[in-house]
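# Residue-level structural notes
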Amino acid sequence: MPFSDWLLVGTLLALGGSWNVIRADVGSERNCSKIPPYLPSTVVNTTLRLQALREAMSSLNVSAYIIPGTDAHLSEYIAPRDARMAFMSGFTGSAGTAVVTLNKAVLWTDSRYWVQAERQMDCNWELERDVSISSITDWLIREVSDTDDIGFDPFLFSIQTYESYSYNLVPAKLMLKSLPDNLVDRVWTDRPPIPPDNLIRLPDRVVERTWQMKVEHIRTQMTENPYKPTAVLLSALDETAWLFNLRGNDVPFNPFFYSYTLLTLNEIWLFVHKDRVTEDLKLYLNSTCYLAHCVQLLEYDQVRTMLKNYMTRLGVKVWIGTEYTNYALYELITPEVRTGVEKLLTSAYSPVLTTKAVKDKTEQHILRDAHVRDAVAVIQLLMWLEKVVPEGKETEMTAAYYVNECRSKQKDSRGPSFETISASGPNAALAHYSPSNATSRKLTVDEMYLVDSGGQYLDGTTDITRTVHWGTPTEMQKEAFTRVLMGNIEISRTIFPSGTKGVNMEMLGRRALWEVGLNYGHGTGHGVGNYFGVHEWPVGFQSNNIPFREGMFTSIEPGYYKENDFGIRIEDVVVIVPAHTKYGHNYLTFETVSLVPYDRKLIDTALMSAQQLQWLDKYYLTIRELMGAELDRQGLTEEKKWMLKHTVPFQSATASAAVSSLSLTLTALATALLHNLL
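Quick look at the structure, then.

Calculation notes
- In every chain, residue numbers begin from 1 and rise along the written sequence.
- It should be noted that, the model being predicted, local features are given only for residues of pLDDT at least 70 and side-chain atom pairs only at 80 or more, the latter also being counted only at that level, while totals for whole chains, interfaces and linings use all residues.
- The side-chain numbers reported here are obtained from all heavy atoms of the structure, hydrogens and water having been left aside.
- Every helix listed is a DSSP run of H or I at least four residues long, and every strand listed is a run of E at least two residues long, numbered separately from the N terminus.
- Just to be clear, the radius of gyration here is over C-alpha atoms, and the globule rule we use is 2.2 Å times residues to the power 0.38.
- Using a 1.4 Å probe on the protein chains alone, a residue whose accessible area is under 20% of its type maximum counts as buried, one over 50% counts as exposed, and one in between counts as partly exposed.
- Any two residues having at least one pair of non-hydrogen atoms within 4.5 Å are treated as being in contact.
- Working definition of accessibility: Shrake-Rupley area with a 1.4 Å probe, residue cover restricted to the visible protein chains.
- With a 1 Å grid spanning the protein atoms alone, the term cavity applies to any set of points in which a 1.4 Å probe fits but cannot get out, the term pocket to an open set with protein on both sides within 12 Å along at least five of seven lines, and the term lining residue to any residue with an atom within 4 Å of a point.
- Grid points are joined across faces, edges and corners, and a volume is the space filled by probe spheres set on the points.
- A pair of strands is labelled paired if DSSP reports no fewer than 2 bridges between them.
- Angles here are taken between N-to-C directions and fall from 0 to 180 degrees, while the axes themselves are lines fitted to C-alpha atoms, restricted in helices to the stretch in contact.
- Identification of polar contacts relies on pairs of N or O atoms within 3.5 Å, with a donor-acceptor requirement for protein atoms, meaning one able to donate a hydrogen and the other able to accept it, and with residues adjacent in sequence counted only if both atoms are side-chain atoms.
- Aromatic contacts are taken between Phe, Tyr and Trp rings whose centres are within 6.5 Å, Trp giving its six-membered ring; a plane angle under 30 degrees counts as stacked, one over 60 as edge-to-face, and the others as tilted.
- We define a salt bridge as a contact between a side-chain nitrogen of Lys or Arg and a carboxyl oxygen of Asp or Glu at a distance within 4 Å.
- Roughly parallel means an angle under 35 degrees; roughly antiparallel, over 145; roughly perpendicular, 65 to 115; everything else is oblique.
- In the scheme used here, Gly and all other residues not listed as nonpolar or charged are polar, with Ala, Val, Leu, Ile, Met, Phe, Trp, Tyr, Cys and Pro taken as nonpolar and Asp, Glu, Lys and Arg as charged.

Of regular secondary structure, the chain possesses 20 helices and 30 strands. Against the globule reference of 26 Å for 678 residues, the chain gives a C-alpha radius of gyration of 28 Å, in line with a compact fold. In terms of overall dimensions, the chain has C-alpha extents of about 110 × 70 × 50 Å along its principal axes. Out of the 678 residues belonging to the chain, those deemed buried represent 55%. In the chain, the proportion of contacts linking residues at least 24 apart, taken out of those at least 6 apart, comes to 72%. Total accessible area on the chain stands at roughly 29,100 Å², and carbon and sulfur atoms take up 53% of it.

Now for the layout of surface pockets. Taken as a whole, the second largest pocket spans an internal volume of roughly 650 Å³. Considering every element that reaches the lining of the second largest pocket, the biggest residue donor is helix α18 (residues 610-633), with nine residues.

Once that is clear, we can look at the sheet that holds strand β19 (residues 448-453). Pairing between the strands of a sheet comes from backbone hydrogen bonds, and it takes one of two forms, parallel or antiparallel. What the three strands build is an open sheet, ordered β18-β19-β22; its pairing is antiparallel. At either end of the open sheet lies a strand with only one pairing partner, and these are β18 (421-424) and β22 (464-469). Strand-to-strand twist in this sheet, taken as the mean axis angle between neighbours without regard to direction, amounts to 10°. Bridge analysis of β19 against β22 gives six bridges, and the strand direction is antiparallel. The residue bridging Y449 from the neighbouring strand is V468, located in β22. With respect to the sheet, helix α14 (residues 361-388) is in contact with β19 and β22, its orientation differing from that of β22 by roughly 15°. Along the sheet, helix α15 (residues 396-408) makes contact with β18, β19 and β22, crossing β18 at roughly 145°.

Taken in spatial order, the six strands make up an open sheet running β6-β5-β4-β3-β7-β8, and their pairing is mixed. Taken across any chain shown, the strands that pair with only one partner, and hence form the sheet edges, are β6 (126-128) and β8 (175-178). When strand polarity is set aside, the average angle formed by the axes of neighbouring strands in this sheet is 25°. Here strand β5 (residues 105-108) runs beside β6; their pairing, made up of three bridges, is parallel. For W108, the partnering residue across the bridge sits in β6 and is E128. On the sheet, helix α5 (residues 133-143) packs against β3 (62-68), β4 (97-101), β5, β6 and β7 (149-152) and is oriented at approximately 5° with respect to β4. Packed onto the sheet, helix α6 (residues 159-169) meets β3, β4, β7 and β8 and runs at close to 140° relative to β8.

Along the chain, T420 falls in the loop between β17 (413-416) and β18. A relative accessible area of 5% places T420 in the buried class. Side-chain polar atoms of T420 contact the side chain of N404, separated by 3.4 Å. For T420, the residues in contact, after removing those within four places along its chain, are A400, V403, N404, S434, P435, V451, D452 and S453.

Let us look at the packing of aromatic side chains. Counted by the stated rule, this structure contains 28 aromatic pairs. The interplanar angle of 45° and the centroid separation of 4.6 Å between the aromatic rings of F152 and F157 together place this pair among those described as tilted. Just as F152 is buried, F157 falls in that class too. Summarising the aromatic geometry, the rings of Y260 and Y300 are spaced 5.4 Å apart at their centres and angled 20° between planes, so their arrangement reads as stacked. Of this pair, Y260 sits in strand β12 (residues 260-264) while Y300 sits in the loop between β14 (295-299) and α11 (303-310), placing them 40 residues apart in sequence. Judged by relative accessible area, Y260 falls into the buried class, the value being 1%.

Further remarks concern the pairing of strand β30 (residues 587-592). Relative to β30, strand β23 (residues 496-497) runs antiparallel, the two being bridged by two bridges. Each bridged residue has a counterpart across the sheet, and for F496 the counterpart in β30 is L588. Note: strand β29 (residues 572-578) against β30, five bridges, orientation antiparallel. Paired with I576 across the two strands is F590, which belongs to β30.

This part is about the pattern of salt bridges. Counted by the stated rule, this structure contains 36 salt bridges. We note a salt bridge from K356 to E536, for which the minimum N-O separation is 3.0 Å. Taken together, the residues span a long stretch of sequence, with K356 in helix α13 (residues 351-356) and E536 in strand β25 (residues 536-540) at a distance of 180 residues. Comparing K356 with E536, the two get one shared label, buried. R441 is the salt-bridge partner of E447, the closest N and O atoms lying 2.4 Å from each other. Residue classification places R441 among the partly exposed positions, given a relative accessible area of 29%. Salt bridges sharing partners connect three or more residues here, namely D82, R84, D185 and R191.

A word on the packing of helix α8 (residues 211-224) against helix α9 (residues 237-244). As a packed pair, α8 and α9 sit with axes 7 Å apart at the nearest point and diverge in direction by 120°. When the axes of α8 and α9 are compared, the pair comes out oblique. Listed contacts from α9 to W211, K214, V215 and I218 of α8 are W242, L243 and F244.

In the structure shown here, the tally under the stated rule is two cavities of 30 Å³ or more. Roughly 120 Å³ of internal volume is contained in the largest cavity. Classifying every residue of the lining of the largest cavity by side-chain character gives eight nonpolar, two polar and seven charged. Approximately 40 Å³ is the volume attributed to the second largest cavity. If you trace the second largest cavity, you find it lined by L233, S235, E239, G321, Y324, T325, A348, Y349, S350 and L353. Its residues placed into classes, the lining of the second largest cavity shows five nonpolar, four polar and one charged.

Right, dumping it as structure tokens:
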């Protein structure tokens, strides 16, 4: 159906007209070519909200408006009030960009979400099966004339995103128009409010460095920097939370709060919703004075005004991390370049993010402790599933609920660190699938099951993936699982010079798979924080991650996914520790802090090297020592028996089997020899 026809249909529907839209079953996809349209019950009628947005666009002479799926801090997880793309389109996937013109509405997203988009969007929207900026700009060049403005909210654009759009649009004589007053917010009349929860400070027992110590450390980096910045601007939510040892509840699964910080050599400005700062916190932050260690509290939405005023001072230079600074703040700093006065210093990541990446001794200790308690919950899940799955009553959703319940009973639990990926059979072939009422499968002994879950604790954040089979796996499943495990082990046991980048060893996680023509399409690991985001940049194995240093934590998570059949991922969190080598110094290795055994029936030891089996047995010995003590402490006798059963050493069992085989062979030879002699 052409867009204009659907617009008429949608308008009639919104006004109570007589068109009868056929509602399909949950899980089916829309069909806009029929009259009346065929729509699943999961779609959202966007006619009125698009009409309101277009009226706002027309009042500003804007012919196209770009709506990214992020927030003003370029966060991976966003709060419901920042889900503007979802509000306008009905599509709730985590990756995408919407563009609305005066007569069209289009969504761009990647292959993970094509089916979801077709199930959630009404026929006002077209779907572009792409996610690249070049695809969006090519479309804009075709649809928008060179006399029209393309509007965008600069708070929702990274510096690189803005530059990519401009680079593609300028040759076509198209320009972006910065509109800091978001147009979607104007028409979103029932936009969710900011949570009322007050901010909290971390208890002293989990803090080694006070916020004053952290401030001085960052200021030292400023004075030692040869380009002599006078201020550091912090835009990512975890930067301010880390600097002041504060946490909040504004973003699902992440203990963050809306904030910016402008830190100079003798002043500190914290931009926050002040009504959520208690009197105790004001005292904690020394907010009533104006000295070098006094935090001046300003309202969250005053950041542009304050930064603009600061830029008028003589001799100032602001240091920003380009990965997380939005264009709304960046554009206030850059104009001075044209006057010959350089007021900007950039690095990929701010000094706060690079400092935060290396955990201090207390952070390392408590993060290890959090993983011990977290392993109890995962062991309880796997033990329970082993018992109940054969009964045929449990589903992906009940398993996800169960592990969250187990975690909630552990000390200092603060909820899950992300939405649990509980996936059976073909659903597990979708690397980032999470179950819903429409998609949840019944768990069965005939299918592989993958569970990727994590917890937030007052002392740490966890993330672990295990893949199991309760029946008889195929030879292909066993080989694929074993090769994924081999990749995990190869990275985990490698020794490398301090300062090595993760991207330079990432292929170790893939080599065993590559040898038989298998691979996986996601990253191999990411940083993990102390009661922070479960994906903590800038640590990991990607090209834009910083070099590894002692005290960093990262996940290691190779996988394999056979479309429409099964999925495998083995994910552990590791800490980087010194390696003791024969000759060299300043070498590092990984120590695994996730403490849950792998599924034995999926491991083909014949494929593994002696060194890999030795590593595995040593890891299992660590599980026995640490988890045995913790399970005893919690009085979990049955769980301890399960853990001991699943951590029997491999090499001793293999050696015993080899000895028995040799004994049988020698006995047979002796018998034959004796028979010949007789």
